[in-house]
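Listed below, chain by chain, are the residues.
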Amino acid sequence: MTEHRSGFAAFVGRPNVGKSTLMNALVGEKVAIMSSRPQTTRRAIRGIITRDDAQLIIVDTPGLHRPRTLLGERLNDVVRETFAEVDVIGFCLPADEKIGPGDAWIARELAQAKAPVVAIVTKVDKVSRDRVAEHLMKVSELGEFIDLVPVSSVEGIQVDVLTDVLIKHLPKGAALYPTGEVTDEPEDVMIAELIREAALEGVHDELPHSIAVIVEEMEERPQAEDDPRRPLLIIRAQLYVERDSQKGIIIGHGGERLKAVGAEARAGIERLLGRKVYLDLHIKIAKEWQRDPKQLGRMGF
Ligand SMILES: Nc1nc2c(ncn2[C@@H]2O[C@H](COP(=O)(O)OP(=O)(O)OP(=O)(O)O)[C@@H](O)[C@H]2O)c(=O)[nH]1
């Protein structure tokens, strides 16, 4: 009989390489907030795979990138802290993109990590077999990797193989979380992320980092007998932007865009919580908040 293993895995890679999608494919349930926009996964969200022989807890780290602002540095600190706590690291490199200086920079960072690094070539469905083989060769020259696994999260190719490989590198031990638990991210953080996602949708000219959302209050309201559709949960949230122009972009002409943002965020929150909500969303300008430690602290960084 094989011995039970348990532990933590984290994924790293440039923005948009498919980390969130991969984690969702591994866990088999939507726990991280997905987006086609880069750098939206800011907080560690855990997905948990529980099997008879193992428990794998996945920490989804923010995209590691070269710091330009204080926020960038804090993100990198979070990533390094995460590395120090995990048992295995998955380094994601998409098959349809050339290995670049950003990847080399991450590889150098990873060389200092204590945990073994599994190189994961993502999105293999997007290129030919030959290209995948070529890419695997190049990736293997990038650093010291304990394993090298090509996957496609979208087509479900080799996702189970990757699960086995990650588990192989976990220490022996009993399960750390009760069965059935999928994420331990607090509700208000997930709600704030859904609002941020909705606000960023289709905005091309501003960096996602210019937006932050805080859920300030969640208030239960008794259901009115005459109207069963009346919302039961009031969510008050504050959306922070840096400049007037950004506020304008989010609000849109005659407030149209803000309405759409609110509607989309609310739909997502209702799916998440499985109940009707009323979303009270306000926009505030927090000047240069990315560079101000006090403001960052207030926003939980
Ligand atoms: N064809 C294909 N597309 C994929 C695959 N995995 C992810 N994608 C797409 O790649 C884009 C980025 O995926 P994400 O999972 O959001 O990437 P991420 O690395 O988590 O991005 P950040 O949160 O910005 O760090 C999305 O549009 C996905 O649909 C895959 O296996 N095949």
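Everything numeric in this text was worked out from a predicted model, so none of it was measured.

1. What to know about the overall build of the protein chain
Here comes step 1: Counting its secondary structure elements, the protein chain contains nine helices and nine strands.
Here comes step 2: Out of the 301 residues belonging to the protein chain, those deemed buried represent 36%.
Here comes step 3: Nonlocal contacts in the protein chain, meaning residues at least 24 apart in sequence, comprise 71% of its contacts between residues at least 6 apart.

2. Points about the sheet that holds strand 7 (residues 212-220)
Here comes step 1: Taking strand neighbours across the sheet as the criterion, the three strands line up as 7-8-9 in an open arrangement whose pairing is mixed. Single-partner strands in this sheet number two, and they are strand 7 and strand 9 (277-285). Across the sheet, the mean angle separating the axes of adjacent strands is 20° when strand polarity is ignored.
Here comes step 2: In terms of strand pairing, strand 7 meets strand 8 (residues 233-241) through eight bridges, oriented antiparallel. Looking at strand 8, one finds that Met218 is bridged to Ile235.
Here comes step 3: Contacting strand 7, strand 8 and strand 9, helix 6 (residues 187-200) crosses the sheet at an angle of about 125° to strand 7.
Here comes step 4: The strands touched by helix 8 (residues 256-273) within the sheet are strand 8 and strand 9, with strand 9 carrying the most contacts at an inclination of about 130°.

3. What to know about helix 6
Here comes step 1: Given a rise of 1.5 Å per residue, 14 residues ought to cover 20 Å, and the 20 Å separating the end C-alpha atoms of helix 6 matches this to within 8%.
Here comes step 2: For helix 6, a buried count of eleven out of 14 residues is recorded, marking the element as mostly surrounded by other parts of the structure.
Here comes step 3: Those residues of helix 6 that fall on the buried side of the exposure criterion are Met190, Ile191, Ala192, Glu193, Leu194, Ile195, Arg196, Glu197, Ala198, Ala199 and Leu200.
Here comes step 4: Summarising the contacts, the buried residues of helix 6 are in contact with strand 7, strand 8, helix 7 (244-251), helix 8 and strand 9.
Here comes step 5: Count one or two residues on from helix 6 and you reach Gly202, which has phi positive near 75°.

4. Looking at the confidence of the model for the protein chain
Here comes step 1: Scored by pLDDT, the protein chain has a mean of 80; 75% of the residues are at 70 or more.
Here comes step 2: For residues 30-43, every residue scores under 50 in pLDDT, and the model assigns this stretch 41 contacts once sequence neighbours within four places are set aside.
Here comes step 3: Interface predicted TM-score (ipTM) for the complex: 0.97; the corresponding pTM is 0.63.

5. A look at the nonpolar core
Here comes step 1: If you look at the biggest cluster of nonpolar residues, it comprises 41 residues, and the most contacted ones within it are Ile89, Phe91 and Ile120.
Here comes step 2: Where this core is concerned, the elements lending two or more residues are strand 1 (5-12), helix 1 (19-27), strand 3 (54-60), helix 2 (70-85), strand 4 (88-94), helix 3 (101-110), strand 5 (117-122) and helix 5 (159-168).
Here comes step 3: Excluding anything up to four places from it in sequence, Ile120 contacts Gly90, Phe91, Cys92, Val149, Val151 and Leu162.
Here comes step 4: Counting residues in hydrophobic clusters, the runner-up holds 22 residues, among them Ile191, Ala237, Tyr240 and Val241.

6. What to know about the packing of helix 6 against helix 8
Here comes step 1: Where helix 6 meets helix 8, the closest approach of the two axes is 8 Å, and the angle between their N-to-C directions is 145°. Considering only the axes of helix 6 and helix 8, their crossing is right-handed. Of the residues in helix 8, those in contact with Met190, Ile191, Leu194, Ile195, Ala198 and Ala199 of helix 6 are Val261, Glu264, Ala265, Gly268, Ile269 and Leu272.

7. Considerations on the environment of Gly100
Here comes step 1: With respect to the helices and strands, Gly100 occurs in the loop between strand 4 and helix 3.
Here comes step 2: It is 9.8 Å that separates the C-alpha atoms of Gly100 and Arg14, two residues lying 86 residues apart in sequence.

8. Topic: unusual backbone geometry
Here comes step 1: Positive phi, close to 75°, is recorded for Asn16, a residue that is not glycine.
Here comes step 2: Along the polypeptide, Asn16 turns up in the loop between strand 1 and helix 1.
Here comes step 3: For Lys123, which is not glycine, the phi dihedral falls at a positive 60°.
Here comes step 4: With respect to the element layout, Lys123 can be found in the loop between strand 5 and helix 4 (129-140).
Here comes step 5: Look at Lys123 and you get buried, because 24 C-beta atoms sit within 10 Å.

9. Regarding the environment of Leu281
Here comes step 1: Tracing the chain through its elements places Leu281 in strand 9.
Here comes step 2: Overall, Leu281 belongs to the buried group, with 20 C-beta atoms counted inside 10 Å.
Here comes step 3: Separated by 16 residues in the primary sequence, Leu281 and Ala265 place their C-alpha atoms 9.9 Å from one another.
Here comes step 4: In this structure Leu281 touches Ile195, Ala237, Leu239 and Gly262, once residues within four positions along its chain are discounted.

10. Some details on the pairing of strand 4
The side chains of a regular strand alternate between the sheet's two faces.
Here comes step 1: Among the seven residues that make up strand 4, seven are buried, leaving the element largely enclosed by the rest of the structure.
Here comes step 2: Neither face of strand 4 is exposed, since Val88, Gly90, Cys92 and Pro94 on one face and Ile89, Phe91 and Leu93 on the opposite face are all buried.
Here comes step 3: Of the strand pairs in this sheet, strand 1 and strand 4 are connected by four bridges, and their pairing is parallel. Bridged to Ala9 within strand 4 is Val88.
Here comes step 4: Relative to strand 5, strand 4 runs parallel, the two sharing six bridges. If you follow Gly90 over to strand 5, its bridge partner there is Val118.
Here comes step 5: With helix 3 bridging strand 4 and its parallel neighbour strand 5, the resulting β-α-β unit is right-handed.

Cut-off values and rules
Once a new chain begins, its residue numbering starts again from 1 and follows that chain's sequence as written. Local features in this predicted model are restricted to residues whose pLDDT is 70 or higher, and side-chain atom pairs enter the listing and the counts only when it is 80 or higher, whereas totals over whole chains, interfaces and linings include all residues. By definition, any uninterrupted DSSP run of H or I lasting at least four residues is a helix, any uninterrupted run of E lasting at least two residues is a strand, and each is numbered from the N terminus. In this scheme every C-beta is placed from the backbone, and a residue whose C-beta has 20 or more other C-beta atoms within 10 Å is buried, one with 12 or fewer is exposed, and one in between is partly exposed. Each residue gets a C-beta atom placed from its backbone, and two residues are in contact if those atoms lie within 7 Å. A pair of strands is treated as paired once DSSP finds two or more bridges between them. Structural elements are reduced to axes, namely lines fitted to C-alpha atoms, with helices fitted over the stretch in contact, and the angle between N-to-C directions of any two is expressed from 0 to 180 degrees. Given the number of residues in a helix, its expected span is that number minus one, multiplied by 1.5 Å. Residue-level confidence of the predictor is summarised by pLDDT, bounded by 0 at the bottom and 100 at the top. For this entry, the nonpolar core is defined as buried Ala, Val, Leu, Ile, Met, Phe, Trp, Tyr and Cys residues connected by C-beta atoms within 7 Å. Two helices cross in a left-handed way if the nearer one is turned anticlockwise from the farther one by less than a right angle. They cross in a right-handed way if the turn is clockwise. Orient the strands so they point away from the viewer, and a crossover whose first-strand-to-second-strand path over the helix runs clockwise is right-handed.

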